[in-house]
Amino acid sequence: MTAVLTRRPGLARLRAAGPPLHLACLGFVALTVTAALLAPWLVPHDPNAVDLGDALAGPSAAHPLGVDTAGRDTFSRLLLGARTSLLGPLGVVVLSTLAGVAVGTTAAWRGGRLDSLLSRSTEVVFAFPGLLLAILVISVYGEGLLAPVLALGIAYLPYVSRLTRSLVLAERARPYVSAYRVQGHSAAQICLRHVLPNIAPVVLAQATINFGYALMDLAGLSFLGLGVPPLTPDWGRMVFDGQTAVQRGYPLSAVLPCVLIVLTVVAFNVVGERWADRVARRDR
């Protein structure tokens, strides 16, 4: 089975650290997702409650991580911001994976001119920077989460479609496909019932890796002030809002979301690549 196509250099040194690192990253991912799901019930303060008289106050019993330049509780915004910061990448991954699998499967199975047309079309998208596409879409439709998610979903599509195409071509050459054809099964039945389930582990591993990259891209857009609206708790937006605090010597409200972004991206990449390695070893 074809190896997973990664967008950027792999984390070879981290993978070489072995299972303990993988388990730690898996635990961090589980903890982050759980915190995001339960955030509305866990936040100790209203994340948008402004108290200018308490602005940039340090950690205290009431505010264990301090407050930002508007007097908003940093811990509450980090906790609730996890929902937005993870929801956006999830949308990118779902959109790019579903569309990419459909395009890649169709191209590999039909072949001929349709394969050439779809492959050339995805190569055009592949050559266009995803962040630039997202910025163009945001300039037309304005701030919000939907526009960058759609733009990055399209930008990520070629990575999934190219991987899917190569996997389906390999599966199509296997004897069981010919056997099902002789029995009268349609192409749709063979793909949906047999081919796609066989390639699903590799595609899901790639989706896990893409999730980390999508989180980083969306955080970058929010840092530029092009992502979610100002009052929406989001890690990238918190870094953007915390620039003034850093200049005034109070970096906590900006540094903490940066740390969470980095840790989450690394954790998802390690989990995804570890999963891909297991699939590759299983199929040897």
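Here, the structure is the one placed above.
Just so we're clear, the structure is a prediction, and the values are computed from it rather than from any experiment.

Give a detailed account of the overall build of the protein, specifying residues and quantitative values.
Looking only at helices and strands, the protein features 11 helices and 0 strands. Sequence-ordered secondary structure for the protein, helices as α and strands as β, is α-α-α-α-α-α-α-α-α-α-α. In terms of its C-alpha atoms, the protein occupies a principal-axis envelope of roughly 75 × 45 × 35 Å. Among the 284 residues that make up the protein, the fraction classed as buried is 42%. Taking as baseline every contact in the protein between residues at least 6 positions apart, the subset at least 24 positions apart corresponds to 73%. Surface exposure of the protein reaches about 13,900 Å², of which carbon and sulfur atoms provide 67%. Each charge class in the protein can be summarised by its mean position, and for the 23 positive and 15 negative side chains these summaries are 15 Å apart.

Please give an account of helix α8 (residues 187-223) that cites residues and values.
A turn of α-helix holds 3.6 residues, and therefore any two residues three or four places apart point the same way. For α8, built from 37 residues, the straight-helix expectation of 54 Å at 1.5 Å per residue is missed by more than 12%, its first-to-last C-alpha distance being only 46 Å. At Ala200, α8 shows its largest kink, close to 50 degrees, and the proline Pro201 lies no more than four residues downstream. Among the residues trailing α8, Gly225 stands out with phi positive, at a value near 80 degrees.

Please give an account of the packing of helix α2 (residues 19-42) against helix α3 (residues 74-110) that cites residues and values.
Close contact between α2 and α3 brings their axes to 7 Å; oriented N to C, the two are set at 125 degrees. Taken together, the axes of α2 and α3 are oblique relative to one another. When you trace α2 past α3, the crossing you get is left-handed. Contacts between α2 and α3 pair Thr32, Val33, Ala35, Ala36, Leu37, Ala39, Pro40 and Leu42 from the former with Leu79, Leu80, Ala82, Arg83 and Leu86 from the latter.

So, the packing of helix α7 (residues 175-182) against α8: which residues are in play, and what are the values?
Where α7 contacts α8, the two axes come as close as 11 Å, and the packing angle between them is 170 degrees. As judged from the angle between their axes, α7 and α8 are roughly antiparallel. Here Tyr176, Val177, Tyr180 and Arg181 of α7 lie close against α8, whose contacting residues are Ile190, His194, Val195 and Asn198. For the contact of α7 with α8, the per-class residue count stands at 5 nonpolar, 2 polar and 1 charged.

If you had to explain the packing of aromatic side chains to someone new, which residues and values would you point to?
Per the stated rule, a full pass over the model turns up 4 aromatic pairs. If you follow Arg162 out to its NZ or CZ, it ends over the ring of Phe126, 4.7 Å from the centre.

Lay out the nonpolar core with the relevant residues and their values.
With 19 residues, the main nonpolar core has Cys25, Val29, Leu86, Phe211, Leu215, Trp235 and Ile261 as its most contacted residues. Elements that contribute at least two residues to this core include exactly α2, α3, α8, α9 (235-241) and α11 (252-282). Sorting elements by how many residues they give to this core places α11 first, with 6 residues. When near neighbours in sequence (up to four residues on either side) are disregarded, Leu86 contacts Thr32, Val33, Ala36, Phe211, Leu215 and Thr264.

Can you break down α3 residue by residue, with the values?
Along its 37 residues, α3 runs 53 Å from first to last C-alpha, staying within 8% of the 54 Å computed at 1.5 Å per residue. The largest bend along α3 measures about 30 degrees and falls at Gly81. Positive phi appears at Gly111, one or two residues downstream of α3, with a value of about 65 degrees.

What counts, and at which threshold
Residues numbered from 1 in each chain as written. Predicted model: local features only at pLDDT ≥ 70, side-chain atom pairs only at ≥ 80, totals over all residues. Heavy atoms only, no water. Helix = DSSP H or I, 4+ residues; strand = E, 2+ residues; numbered from the N terminus. Buried < 20%, exposed > 50% of the residue type's maximum accessible area, 1.4 Å probe, protein only. Contact = heavy atoms within 4.5 Å. Areas by Shrake-Rupley, 256 points an atom, 1.4 Å probe, with all protein chains shown as cover. Lys, Arg positive; Asp, Glu negative; His and termini not counted. Charge placed at Lys NZ, Arg CZ, Asp CG, Glu CD. Expected span 1.5 Å × (residues − 1). Bend = angle between axes of the 7 residues up to and from the residue. Axes fitted to C-alpha atoms, helices over the stretch in contact; angles between N-to-C directions. Parallel < 35°, antiparallel > 145°, perpendicular 65-115°, else oblique. Left-handed = near helix turned anticlockwise from the far one by under 90°. Nonpolar A, V, L, I, M, F, W, Y, C, P; charged D, E, K, R; others polar. Phe/Tyr/Trp six-rings, centres within 6.5 Å; stacked < 30°, edge-to-face > 60°. Lys NZ or Arg CZ within 6 Å of the ring centre and 35° of its normal. Core = buried A, V, L, I, M, F, W, Y, C linked by side-chain atoms within 4.5 Å.

Keep in mind that these numbers describe shape and distance, not what the molecule does.
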